[in-house]
Amino acid sequence: MSESLVHVRDLNVRFVTRDATVNAVNGVSFDLAERESLCILGESGSGKSVTLRALMALNPPRRTKLSGTVRVGGHDIITASERRMADIRGSTVSMIFQEPMTALDPVFTIGRQIAETVMRHEGLSRAEADKRALELLELVQIPSAKRRLAAYPHELSGGLRQRAMIAIALSCRPKLLLADEPTTALDATVQIQILLLLRRLQQEMGMGVIFVTHDLGVAGEIADRVAVMYAGKFIEEGPVRDLMRGPLHPYAQGLLGATVHAGMRGERLTTIPGAPPNLERVPQGCAFAPRCPYVEEACLPKVPDFRSPVPGHAARCVRVPQAA
Amino acid sequence: MLLYLIRRILYAIPIALAVGLVCFMLVQIAPGDPINAIVPADAPQEVVEQVRRDYGLDKPLPVQFGIWLSRVVQGDLGRSLATGRPVTADLVSAIGNTLMLALAAAGIGFVMGSILGTIAAVFRGSWLDKLAVGFAAAGVSIPHYWLGMVMVVLFSVTLNWLPAMGAGPGGSGSWAWDWEHIKYLVLPAVTLSVIPMGIITRTVRGVVMELLNQDFVTTLRGKGLRRGGIALHVVKNAAPSVLAVMGLQLGYLMGGSILVETVFSWPGTGFLLNSAIFQRDLPVLQGTILVLAIFFVALNLAVDLIQTALDPRIRRA
Amino acid sequence: MSTTTATTPVIAVPQPVPAPNRGYWQGVARRLSRDPVTLFFGFVLLLMALAIIFAPWLSPHDPYQTSMIRRLRPIGFQDWRYPLGTDELGRDMLTRLLHGGRLSWFLGITPVLIAFVIGGTLGLIAGFAGGWVNMAIMRTTDVFYAFPSVLLAVAISGALGPGISNAMLSLTLVFIPQIIRVAESTTTSVRNLDYVESARASGAGAMTIVRVHVLPNVLGPIFVYATSLISVSMILASGLSFLGLGTKPPEPEWGLMLNTLRTAIYTQPLIAMLPGVCIFVTSMCFNMVSDGLRTAMDVRG
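Predicted model, so just to flag it, every value in this text is computed and none were measured. (Residues numbered from 1 in each chain as written. Chains lettered and ligands numbered in written order. Predicted model: local features only at pLDDT ≥ 70, side-chain atom pairs only at ≥ 80, totals over all residues.)

A. View of the overall build of chain B. On a plain count of helices and strands, chain B comes out with 13 helices and zero strands. Counting from the amino terminus, helix and strand elements in chain B follow one another as α-α-α-α-α-α-α-α-α-α-α-α-α. Overall, the C-alpha framework of chain B stretches about 85 × 60 × 35 Å when taken along its three principal axes. Taking all 317 residues of chain B together, the buried fraction comes to 43%. Long-range pairs, those at least 24 residues apart, make up 71% of the contacts in chain B between residues at least 6 apart in sequence. (Helix = DSSP H or I, 4+ residues; strand = E, 2+ residues; numbered from the N terminus. Buried ≥ 20, exposed ≤ 12 C-beta atoms within 10 Å, placed from the backbone. Contact = placed C-beta atoms within 7 Å.)

B. Spatial organisation of unusual backbone geometry. Omega for the peptide link from Pro249 of chain C to Pro250 of chain C comes to 5°, which places this bond in the cis form. Mapped onto the elements of the fold, Pro250 of chain C is located in the loop between helix H9 (206-242) and helix H10 (254-260). Although it is not a glycine, Arg62 of chain A adopts a positive phi angle of roughly 75°. Within the secondary structure, Arg62 of chain A sits in the loop between helix H1 (48-54) and strand E4 (64-72). In this structure Arg62 of chain A comes out as exposed when scored by C-beta crowding, with 11 C-beta atoms within 10 Å.

C. Up close: the sheet that holds strand E7 (residues 176-180) of chain A. Residues and elements named next belong to chain A. The strand order E6-E7-E8-E3-E9-E10-E12-E11 describes an open sheet built from eight strands, whose pairing is mixed. Across the chains shown, the open sheet's two edge strands, defined by having one partner strand only, are strand E6 (93-96) and strand E11 (307-310). Averaged over all neighbouring strand pairs, the angle between strand axes comes to 20°, with direction disregarded. With four bridges connecting them, E6 and E7 associate as parallel partners. (Pairing = 2+ DSSP bridges. Axes fitted to C-alpha atoms, helices over the stretch in contact; angles between N-to-C directions.)

D. Geometry of the pairing of E4 of chain A. Residues and elements named next belong to chain A. Relative to E4, strand E1 (residues 6-16) is paired through eight bridges, and the arrangement is antiparallel. Bridging across to E4, His7 finds its partner in Arg71. Pairing between E4 and strand E5 (residues 75-76): two bridges, direction antiparallel. Across the sheet, Val72 pairs through a bridge with His75, a residue of E5.

E. Representation of the sheet that holds E4 of chain A in the model. As summarised here, the arrangement of the four strands in space is E2-E1-E4-E5 (chain A), forming an open sheet in which the pairing is antiparallel. Edge strands, defined here as strands with exactly one partner in the open sheet, are strand E2 (21-32) and E5 of chain A.

F. Looking closely at helix H5 (residues 126-139) of chain A. Residue and element names in this part refer to chain A. Over its 14 residues, H5 extends 20 Å from the first C-alpha to the last, a length consistent with the 20 Å expected when each residue adds 1.5 Å. Along H5, the residues that are buried comprise Ala129, Arg132, Ala133, Leu136 and Leu137. Along the axis of H5, the buried positions cluster into a sector of 140°, meaning they face one direction only. Pointing more than 90 degrees away from the buried face of H5 are the exposed residues Ala127 and Glu135. Where the residues of H5 are buried, they touch helix H4 (110-122), helix H6 (145-149) and helix H7 (158-170). The first or second residue beyond H5 is Gln141, which carries a positive phi of 60°. (Expected span 1.5 Å × (residues − 1). Arc of directions from axis to C-beta.)

G. Layout of the environment of Asp187 of chain A. Following the sequence through the fold, Asp187 of chain A ends up in the loop between E7 and helix H8 (188-205). Along the backbone, Asp187 of chain A and Gly158 of chain A are 29 residues apart, and their C-alpha atoms lie at a distance of 8.4 Å.

H. The packing of helix H1 (residues 2-29) of chain B against helix H3 (residues 61-73) of chain B, seen in detail. All names here are of chain B. Where H1 contacts H3, the axes come no closer than 11 Å and their chain directions differ by 110°. Compared by their axis directions, H1 and H3 come out roughly perpendicular. Here H1 runs over H3; the crossing is right-handed. Contacts between H1 and H3 involve Gly20, Leu21 and Phe24 on the former and, on the latter, Phe65, Trp68, Leu69 and Val72. (Parallel < 35°, antiparallel > 145°, perpendicular 65-115°, else oblique. Left-handed = near helix turned anticlockwise from the far one by under 90°.)

I. Local environment of the nonpolar core. One finds Ile289 and Ala293 of chain B together with Leu151, Ala153 and Ile179 of chain C to be the most contacted residues of the largest nonpolar core, which totals 150 residues. Element by element, the count of residues in this core is highest for H9 of chain C, at 15 residues. The residues that make up this core include at least three from each of domain 1 (2-73) and domain 2 (91-278) of chain B. Those residues in contact with Ala153 of chain C, other than ones at most four positions away along the chain, are Ser170, Leu171, Val174, Leu236 and Leu240 of chain C. Residues Leu41, Leu55 and Val212 of chain A together with Leu220 of chain B belong to the second largest nonpolar core, which totals 94 residues. (Core = buried A, V, L, I, M, F, W, Y, C linked by C-beta atoms within 7 Å. Domains from an automatic or database assignment.)

J. Spatial organisation of the confidence of the model for chain C. Residue and element names in this part refer to chain C. Mean pLDDT over chain C: 81, with 88% of residues reaching 70 or higher. Across residues 1-20, confidence stays below pLDDT 50; counting only partners more than four residues off in sequence or on other chains, it has 27 contacts. Two summary scores accompany this predicted model of the complex, namely pTM at 0.82 and ipTM at 0.85. (pLDDT = per-residue confidence, 0-100.)

K. Representation of H9 of chain C in the model. Residue and element names in this part refer to chain C. With 37 residues, H9 ought to run about 54 Å at 1.5 Å a step, yet its terminal C-alpha atoms sit only 47 Å apart, falling short of that. Val214 marks the point of greatest bend in H9, at about 50°, and the proline Pro216 comes within the next four residues. A positive phi of about 85° marks Gly244, the residue just after H9. (Bend = angle between axes of the 7 residues up to and from the residue.)

L. Spotlight on the packing of helix H6 (residues 144-158) of chain B against helix H7 (residues 179-212) of chain B. All names here are of chain B. Interaxial distance between H6 and H7 falls to 9 Å at its minimum, and their mutual angle equals 145°. In this structure, H6 meets H7 at a crossing whose hand is right-handed. Here His144, Leu147, Gly148, Met151, Val152 and Phe155 of H6 lie close against H7, whose contacting residues are Leu187, Pro188, Val190, Thr191, Leu192, Val194 and Ile195. Per-class residue counts for the contact of H6 with H7 are ten nonpolar, three polar and no charged. (Nonpolar A, V, L, I, M, F, W, Y, C, P; charged D, E, K, R; others polar.)

M. Representation of the pairing of strand E9 (residues 225-230) of chain A in the model. Residue and element names in this part refer to chain A. Counting buried residues in E9 gives six out of six residues, a clear majority hidden from the surface. Neither face of E9 is left uncovered, since the one carrying Arg225, Ala227 and Met229 and the one carrying Val226, Val228 and Tyr230 both have all their residues buried. Both strand E3 (residues 37-41) and E9 contribute to a ladder of four bridges, which runs parallel. Counted as the bridge partner of Ile40 is Ala227 from E9. Between E9 and strand E10 (residues 233-239), which follow one another and run antiparallel, lie two residues, and Ala231 among them has a positive phi close to 50°.

Encoded structure:
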């Protein structure tokens, strides 16, 4: 039996500083098959980016405490040394960030930033690496790629910068691509182009992709499966169509209710009252209970288990029926 | 870029002129008749009047400034009241000595400061960081003329390792790069280096700390770069601002070495200034300060241009 | 954000309310009370201040009383009347150090205070008025920036000649441009903030805007910067006296004492070091307290 590309069990991430301990991720478990794409959906502060970074041990060292099991492409991430992680990062798994302006080094050319990744992992010479960099810029459809190799990040538009970022991430043909809100900082028209590019590249290169976003539109565009995160936990998980049509968890319903999408003419937009919990103390029961319109006694003593009314779609809510 | 260069150089010219004006005014604000800055106080009256006419001191101030400026541009800074020698002649050797001392001190201070600052930033919050920060604070708080005396007491009086004063066995004129001479440079240079060391430590620590918090460092880690690879990026990003501070510090050392030179009797501009103050030798005071200040202006300009050349964000703007 | 709102969830998250002014100062006090380093150096500073203020009552001797027969007595309790020894003219060191602090502190702090008032005002005017007023003020400070500060201080007081008031004048002139720059840049940045713009748009007068919006926000950073100058000022002031440009003998002042004791470094090095220790400790304390204030008040730069 072959192992899935990503295997996460009971992942906990805590940030420990002298003043406080923040429980950013509290017991996340999931698997991702090769070539599959998962979208993690949640508000800022829900722990989605932290989860993503934990997959390549990229949270700030020293003050980050990881526990649980994380295996990516057969590598154990939690126990790997920083040296070993450096070999895995960029080659087996790589990441695209939200803000390409700050995620790229401002004083190195685009070409150099791509080439150094290739040189680092594949031991190519400078000339070979430069050639590869050019191919990559063409792959991500940057016009007049040759000239752009010598450009600095501030000389490119936001969309081109993000394409360059993608080129860096793909430079060593990773098996898994992580994307942290890759389109949030871009204009709406550019967003679509980047999403289409990512979808095409995923299919061509056969990568697994995990997306983090707070934008439901992005999720629907690219994901096979969607997981909704709240207060450091997955609270609902399912195929993208099922989840968009019939969210089970009251939080997911609120999230969809607060969003404008097609076929909603005449309906009222709803908002979710209240604010997410402070993660310095994790609540004993369902973290959403204080904001939930359907809260009942059973929500409070312990975190509800996943309940699944149909195979493949499940939510942590006591009101969801469990199929036999 | 070329436009910026020209604009920056053009901007330095009025500053240099204004610096000249301030130096010219130094003699005007000095108590007594400005003529006393040119002729000794005991000169006969007809000589004084003769000089007054020759130097145009009977004309209005702006005209006097023009006359003074035209002489300065030709390299004529007047004559010392104490020795009668041209100020320019004394200044040339003094500036050489001061530059040597300042460069040595800057070298020590910049290397130590960069190392301490980097360590402090990388191990932020650890005891190493606290130690480096404490060291830096002590470096900028210490009265260096006092530190010089401590050095003399320790290494000259008590241990008898290094000479306490002067610039070599043959006096100021015969410098050579051998240990016999260099050992005279050690104590003043180390003493003078504590201030730039403190400031560079703080600067490097701040800059590196800020850089390590930037998103692009996470990207670099995400690409699988090891410490050495990331360090290359950090150095190239930090270089423009750190070099700018270093350039200014070199200028401050040139201008600020007066106290240390006095303690060690180092025959540089500071020593010259000190004796000029002591003897109220205004032409020497004025000339030395003018040359040091113009040097500082030129240094500022150079730093600006280098910084621009290093930073692609400004270079192509 | 204009076109993307259509697909972004509109989850009602309460916006952080800007903390009222009172809460800010309470926060500063709380952060300071949790900072043992700053508290320690502040405490040392307080002790020194008290010792200096009460110098006439604390000192065992007359600071000017010389004696040829008890010159350069060693530190220690061989002679309990002179615990810190005597100087090159037989005056009691403890007494001279206590009295010397008065002049050294006065010389160090006064120029910064005057420069804070003058430089702060000019900087505020330059930053708030903008235009040619700003040009005139800032280009003038540029000229003074063309001199390294030690050199400028030496130049001015060297030309004016020795004396306390000349030394203080030259130090004040050194610090004014530095404070102007900080005041101007903070004022300019505050002036361009949205809420000041909106106050202007709602018809508030210039004086009201300065009083209500600008002053409370710029005084903090200028003040913190000024406190960081005290350390420099103490060293420079003592340095001028050391060069013979500040205080004149026989006045007790740490820099001058350091200078006159230079001849004693071969015979009584420890005594010769004492005034320097005082300058060092004072300047270090002012530096650390200023750093602590900067952190507690969250002033950047």
